[in-house]
Structure formats: C-alpha cells, structure tokens
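Topology and contacts: notes
What follows is the residue order along each chain.
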Amino acid sequence: MSGGRVAREQPDAVEVTIDSIAAGGDGVGRAGGVVVFAPRTAPGDVVRARLSMEGRLARARVERIVTPSTLRVEPPCPHYVEDRCGGCQIQHLSLDAQRGAKRRIVDDALRRLARRDANVDAVQSAGEPWRYRRKLTLALRRRGGRWIAGLHAFDAPGLVFALRDCPITDERVVAVWREVLAASEHLPNDAAELRGAVRLLDEGAAFALEGGARWPGARRFFDAVTRVVALWWTPERGRRLLLLDRRADDVPGASFVQVNPAVSERLRDDLVRAVLSHGPTSAIDGYAGAGDTALRLAAAGVRVTAIEVDDEAVRFARGRLPDGSVALGGTVEARLGDALPADVVIVNPPRGGLHSRVPELLEHAASAPDGPRALFYVSCNPATLARDLARLPSWSLERVTPYDMFPQTAHVETVCELRPARGS
Ligand SMILES: C[S@@+](CC[C@H](N)C(=O)[O-])C[C@H]1O[C@@H](n2cnc3c(N)ncnc32)[C@H](O)[C@@H]1O
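Residues numbered from 1 in each chain as written. Predicted model: local features only at pLDDT ≥ 70, side-chain atom pairs only at ≥ 80, totals over all residues.

Details of the UniProt feature "active site" (unreviewed entry) in the chain
Under the present numbering, the feature "active site" (unreviewed entry) in UniProt falls on Cys380. Within the secondary structure layout, Cys380 lies in the loop between strand E17 (374–379) and helix H10 (382–390). (UniProt positions renumbered as here; feature names shortened; annotations may be inferred. Helix = DSSP H or I, 4+ residues; strand = E, 2+ residues; numbered from the N terminus.)

Shown next, in the form of structure tokens:
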C-alpha cells in the first residue's frame, strides 16, 4: 500500500487477523469490513493495531502480536529489528512462506488486474537466500562532520540509519562500502546528501555516486578505494559520467550487473530453453540490456534482433552478437514495428512495464499470417505485468513461472509464455 496523504490514527486499537501478504510485503487482513495493511506481519498472525484510514483502506501500526503465526521465523539481521530497515520486507517469514506469498502475489495480480485465470507455477530459485546481492545502493548523509551510509526505516522513510552489514549482500560488496566510507573525506563537500551504488564486476567493483555539484577530490577518492576499478558520477542536474576507469575490458559496468547471478542464470537458462522449444529461426529480444539472452539464442543459430535504449549496452551487445543478428538502439515502442516479423518475441521491461504502443503492435502481430508463434514477457513487477496482459487479449497465457530473485524482500520476477489465441 502506498503512503501519500497523511492520515490520522484512530484512538482505539483493534484486533486484526492477517490472511495474506500484499505486493510490497505488508500483511493484509480485515477489521470491521475495512481492508487493513499491516507491515511486518505474517498470514495467521492475530495482532492488536492502531489504524489510520486512507480512503477505504487502513494502514496498521502493530502494538502487539496477540497470536503469532506458525510461518514466523526470527529475522537474522539486527538492522531489520533494531533499525526497522526498509530494505527487506519479509525476513520474518520462513523461506517457504515467502515463496508461497510471492506465488500468491503473482496469482492475485493476474486474476484481479488482468482477469486471467492462470495456473501459476511454484516459485523457482537457485543459489543461497543470503549474501546473494552483487549490488547495494545506499543513502549517504553528513552527520556530525562525517558521512554515514545506510538505508531508510520502513515506517520513517526520511530516516537513514548507519548500516554495519547487510546479510543479503555479498561480503565483497560490503567490504567496498567500508572502503568508500574510509575515503569519505574526499566525497563532494558541497552536499549534505548523496547516493552511492556499489556493483561487483568480474574483477573489482564499480562505484556510482549521485549528487554534489563539484567533486574536486574525485581523483584522491579513486586512489583511496583500491577495490573500485570504475567510478561513475551523476552530478546534481547533470548526466552520468564515467570519471575514472582502471579496467582492461570495455564491459558495461554502470547498470548491467545481475543483482542475483544464480537466479538470473537459472531464469535465462529456462527462458532460452523455452524459446528454442518453438524452433524459431528469428527472434526479437526487446529491452535486451547488454544482450545476454540475445547472445545465447544467436549461439543456438537464431537470427536475433536485440532492442535496447541504453547506448553503452547497445555498443556492448553489438560487439558480441555474431553476423546475422543485430542490436538496435532506441526504444522498443519506436523500433518493434520495424523489427517484426519474428518467430518469437521476448520483452523484459523495467518496473513501469510496456509503453502502450508495444501491446498495440503485439496485438496486431498476433493475427498476422507471419506473426510470432510465442511471446515471452519477463517482468519484475506483477502489477504492470497484469496491466499489460490485460492489453493483450489476442494472446493466450500458457505458462506463468515466478522466480525468487530477491529472497527476504517482497520482490518477485515472473516469466510468462503466451501464444497467439488464434486457433487455440
Ligand atoms: C529489466 S532490464 C532487462 C535487461 C536484459 N533483458 C537482461 O536480461 O539482462 C530492462 C532494460 O530495458 C532498457 N529499457 C528501458 N526502457 C526501454 C525502452 N523503452 N525501450 C528499450 N529499452 C528500454 C533498460 O536500459 C534495461 O537495459
């Protein structure tokens, strides 16, 4: 449930039984006919809570757990409990319960928003549910003459606490953050707030800083953070710049690192296998990133047209794709029409989902004589996935497979396989 309007808390606490987990991770129950969203609760909990009405819904501040759910576990991260860290939402649920909740989130979105009656697979996973993150973005705040780096409290988003460790993040990323803080005297000194992201690369790490108008100490900072091999900076009101770089290869490092490589690889393996099961000679990889999926399909003999808006990624994909396959720079909404026809289309948009022009083109393609045999939609946001599927009535939903890309958080990645409804 999103924040928005400030609502007044009701004077008397009420008892709420939690039934399920909503997208975003809050527990959901009912009290006197009102749907209640209660953060950090579990299905089966009975809680006493104070409600704040937001329209016809209520947000709960839990005062006491009257009866704890059997799905609860002790959250291992001290920040989750002591600092009410907003980075994870469902660390207090067992892993099985987390995956059950994610499956239901996807199922609910498809039924309620897309009006699709889908048989959602069990949530797939790979690797470890801890120390999996290869990228960690933190808020930097100047406090008492020095910088702290941390995350926001879930119930006080303005508040940033100093992070000592993040047990869902790879220890090498945490070590780079410690180096960054040790060198923080060299950060821009004309800002009170900055944001930084550490990403692990094959060799060393990338650090991307946002904020500050001038950065005279950038060179001294880079010399001090020896694990950082590439330094990006997005100044206030400016574009992202690659400031300093000691990498041997031209690998895009600013934004194209898989956050959870084990699950990403598993998802890509499954996706490539499913695409190839249609025996395509041509395919479109829309929102292709650095072209990892396109490359795998091209290696299997498919002629691939990759479409991607980021110049750096397009350049990298072009350098890797074999003859016969191409990487088009630009938006999918602008380039998909030229790239069609193809035997299979993949779309993997960011959280906002597809531009409305994309489902329009895919609807038209579904009934074309040389139209695609299959459409694969890879989504990191069940709500926009469902909205887009509602715009694709000429495609029948054959398979829905969620992946647990971010254990301990409420995020879920979903792969949908669709076929033209004609003849089905
Ligand atoms: C979720 S990532 C997918 C990356 C890639 N498919 C992969 O498996 O690694 C979304 C990608 O879409 C790109 N993108 C965002 N909006 C776009 C648009 N309108 N048209 C084309 N690409 C877009 C982003 O730059 C990013 O690389």
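Observations regarding the site of the ligand
In the vicinity of the ligand, 17 residues are found, and the nearest of them are Tyr287, Gly289, Val309, Thr331 and Asn348. Secondary structure elements with two or more residues in the shell around the ligand: helix H6 (292–299), strand E14 (303–308) and helix H8 (332–339). Of the residues contributing to the shell around the ligand, the split by class is 8 nonpolar, 5 polar and 4 charged. (Near = placed C-beta within 6 Å. Nonpolar A, V, L, I, M, F, W, Y, C, P; charged D, E, K, R; others polar.)

Notes on the confidence of the model for the chain
Considering every residue of the chain, the mean pLDDT works out to 94; 96% of them sit at 70 or more. Under the prediction, the complex receives an ipTM of 0.99, its pTM being 0.94. (pLDDT = per-residue confidence, 0-100.)

A look at unusual backbone geometry
Residues Leu340 and Pro341 are joined by a peptide bond in cis, for which omega reads 5°. Take Pro341: it is sitting in the loop between H8 and strand E16 (344–347). The phi dihedral of Arg237 is positive, around 55°, even though this residue is not glycine. Within the secondary structure, Arg237 is located in the loop between strand E11 (228–234) and strand E12 (241–245). On the basis of neighbour counts, which here come to 6 C-beta atoms within 10 Å, the residue Arg237 falls in the exposed class. With a phi close to 80°, Gln408 is a non-glycine residue in the positive phi region. Its location among the elements puts Gln408 in the loop between strand E18 (395–403) and strand E19 (413–420). (Buried ≥ 20, exposed ≤ 12 C-beta atoms within 10 Å, placed from the backbone.)

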